[in-house]
Amino acid sequence: KASRPRPSAYIHPMLSLPSRAARSLAARSSARWLATAAAAPPLSADAQEVAALVARSRAAQAQIADYSQQQVDDLITAMVWSIAQEDVAKRIAQHTVDETQLGNYDGKYLKIFRKTRAALMDIIDDKSVGVIEELPERGVVKIAKPVGVIGALSPSTNPEATPVIKSIAAVKGRNSIIIAPHPRAQKTNALIVELMRGALVRMGAPADLVIGIDNPSVAKTNDLMQQTDRVLATGGGAMVKAAYSSGTPALGVGAGNAVVTVDESADLDDAADKIALSKTLDLAASCSSDNSVVLARSL
């Protein structure tokens, strides 16, 4: 009577090999990897700079990898509060308009003072640590795990809110983040990043959970996308396409995303007011501004 093969034979061939053969195969694989690494061209100065930032970021992320839900929620609350206080929001708004020459003060202020708080409220009650979902009928339990180091691209059109919203999303999942700003908004990014870093330190967390690239360039942004564990890209079409082509899992967003549909059930005056507000807030600099309207034929 033939015996059934062990289940391990179906899991991985390595498990069924004698230990000496397994060690030999592992040694040959390691040797091939070392030979490939040795043959690779040396990193450019930009790539080396980014690699150093990634190493710092990864060390910081490791320090919060075992944080509780309450701890990460306290961190992101402090991060938002550090920039959303009224006097701070006013200073950032004026700084952003002066540097980028895009949008207007009133719109920038509202995005810092109100939009960042709204983003916090959207995610504060979400579970991101431990068991986040159970499907007993399928025998499935979903457990949240940090991704690692997030590479984030921030545009010149929305440099006051994008770094904050991406940073709290990253830290909520016990990740760290490195932000590559548009060169036209690098000083704004530096200001906001320093405020969030200060908040993290005051909460007893490592500042390097949030790092900004001080002297951004296209080359550094490309290196960042290749060296991090996940990319969050906000920018023009070419940059978003580069993110998706970087070899790193990416989420990209740019202009042209918000389509408004108005049908017979809508309050037309209310819909018109909201569309007008979206297209005038911050002079429609944000990519989240309504881009087009689809009207039901009956209207």
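Rules of the game
- Residue positions are given per chain, counted from 1 along the sequence in the order it is written.
- Note on the predicted model: pLDDT of at least 70 is required for a residue's local features to be given, and 80 or more for side-chain atom pairs to be given and counted; whole-chain, interface and lining totals, by contrast, use all residues.
- To obtain the side-chain values, all non-hydrogen atoms of the structure were included, while hydrogens and water were left out.
- Working definition: helices are DSSP H or I runs of at least four residues, strands are E runs of at least two. Numbering for both runs from the N terminus.
- Here, residues are in contact when the closest pair of their heavy atoms is within 4.5 Å.
- Working definition of accessibility: Shrake-Rupley area with a 1.4 Å probe, residue cover restricted to the visible protein chains.
- We call two strands paired when DSSP finds no fewer than two bridges between them.
- Axes here refer to lines fitted to C-alpha atoms; in helices the fit is confined to the stretch in contact. Angles between the N-to-C directions go from 0 to 180 degrees.
- In a helix, the anticipated span is given by 1.5 Å times the number of residues less one.
- For each residue, the accessible area found with a 1.4 Å probe, counting protein chains only, is set against the maximum for its type, and the residue is called buried under 20%, exposed over 50%, and partly exposed in between.
- Working definition: the arc comes from the directions between the helix axis and the C-beta atoms, pointing outward to the latter.
- Distance and chemistry together define a polar contact, namely a pair of N or O atoms within 3.5 Å, with one atom able to donate a hydrogen and the other to accept it when in protein, and with adjacent residues in sequence counting only for side-chain atoms on both sides.
- Residues grouped as a nonpolar core are buried Ala, Val, Leu, Ile, Met, Phe, Trp, Tyr and Cys residues, joined through side-chain atoms within 4.5 Å.
- pLDDT measures the predictor's confidence residue by residue and takes values from 0 up to 100.
- Working rule for angles: under 35 degrees goes down as roughly parallel, over 145 as roughly antiparallel, 65 to 115 as roughly perpendicular, anything else as oblique.
- A clockwise turn of the near helix away from the far one marks a right-handed crossing, whereas an anticlockwise turn of less than a right angle marks a left-handed crossing.
- All residues other than Ala, Val, Leu, Ile, Met, Phe, Trp, Tyr, Cys, Pro, Asp, Glu, Lys and Arg, Gly among them, are scored as polar; the first ten of these are nonpolar and the last four charged.

**A look at the overall build of the chain**
Counting secondary structure elements, the chain contains 11 helices and nine strands. Relative to all contacts within the chain whose residues are 6 or more apart in sequence, the contacts with residues 24 or more apart total 71%. Carbon and sulfur atoms provide 57% of the accessible area of the chain, an area that totals close to 16600 Å².

**Quick word on the sheet that holds strand β3 (residues 149-154)**
Taken together, five strands build an open sheet; the order of strands is β5-β4-β3-β6-β7 and the sheet is parallel. Of all strands in the sheet, those bounded by a partner on one side alone are β5 (210-212) and β7 (250-253). Taken pair by pair, the neighbouring strands of this sheet meet at an average axis angle of 15°, ignoring direction. Sheet analysis places β3 next to strand β4 (residues 176-181), joined by six bridges and oriented parallel. Among the inter-strand pairings, L153 is bridged to a residue of β4, identified as A180. The strands touched by helix α10 (residues 237-244) are β3, β6 (230-234) and β7; relative to β7, the strand with the most contacts, the crossing angle is about 170°.

**Things to note about helix α11 (residues 268-280)**
Helix length check: α11, at 13 residues, gives a terminal C-alpha distance of 18 Å against a target of 18 Å (1.5 Å per residue), a fit within 8%. If you check which residues of α11 are buried, you get A271, I275 and S278. In a view along the axis of α11, the buried residues occupy a sector of 60°, so they form one face of it. In α11, the exposed positions that point more than 90 degrees away from the buried face belong to D269, D273 and L277. Contact partners of the buried residues in α11: β8 (259-262) and β9 (292-295). In this structure D267 caps α11, since a side-chain oxygen of it lies 3.2 Å from the backbone nitrogen of D269. Looking one or two residues beyond α11, the residue adopting positive phi is D282, at roughly 55°.

**Some details on the nonpolar core**
In this structure, I76, M79, I83, I92, I168 and V210 are the most contacted members of the largest nonpolar core, which totals 39 residues. Of all the elements in the fold, those that place two or more residues in this core are α3 (45-64), α4 (69-84), α5 (86-100), α6 (105-123), β3, α7 (162-172), β4 and α8 (186-202). Among residues more than four places away in sequence, those in contact with I83 are V88, A89, I92, I112, T116, V164, I192, L195 and M196. By size, the runner-up hydrophobic cluster in this structure holds nine residues, among which are L53, I178, I211 and L224.

**Topic: the confidence of the model for the chain**
Confidence along the chain averages 87 in pLDDT terms, with 86% of residues attaining 70 or more. Predicted confidence for residues 1-18 stays below pLDDT 50, and this span has six contacts to residues more than four positions away or in other chains.

**Re unusual backbone geometry**
A positive phi angle, near 65°, is found at R174, a position not held by glycine. Take R174: it is sitting in the loop between α7 and β4. R174 gets classed as buried once you look at its relative accessible area, which sits at 7%. Residues other than glycine seldom take positive phi values, yet L283 does so here, at roughly 55°. Mapping L283 onto the fold places it in the loop between α11 and β9. Residue L283 is classed as exposed on the basis of its relative accessible area, which comes to 56%.

**Notes on the packing of α4 against α7**
Two numbers describe how α4 lies on α7: the axes approach to 9 Å, and their chain directions differ by 165°. Between α4 and α7, the angle is such that the two are roughly antiparallel. With respect to the hand of their crossing, α4 and α7 are arranged in right-handed fashion. Across the interface between the two elements, Q69, V72, D73, L75, I76, M79, V80 and I83 from α4 touch V164, S167, I168, V171 and K172 from α7. The residue inventory of the contact of α4 with α7, partitioned by class, reads nine nonpolar, two polar and two charged.

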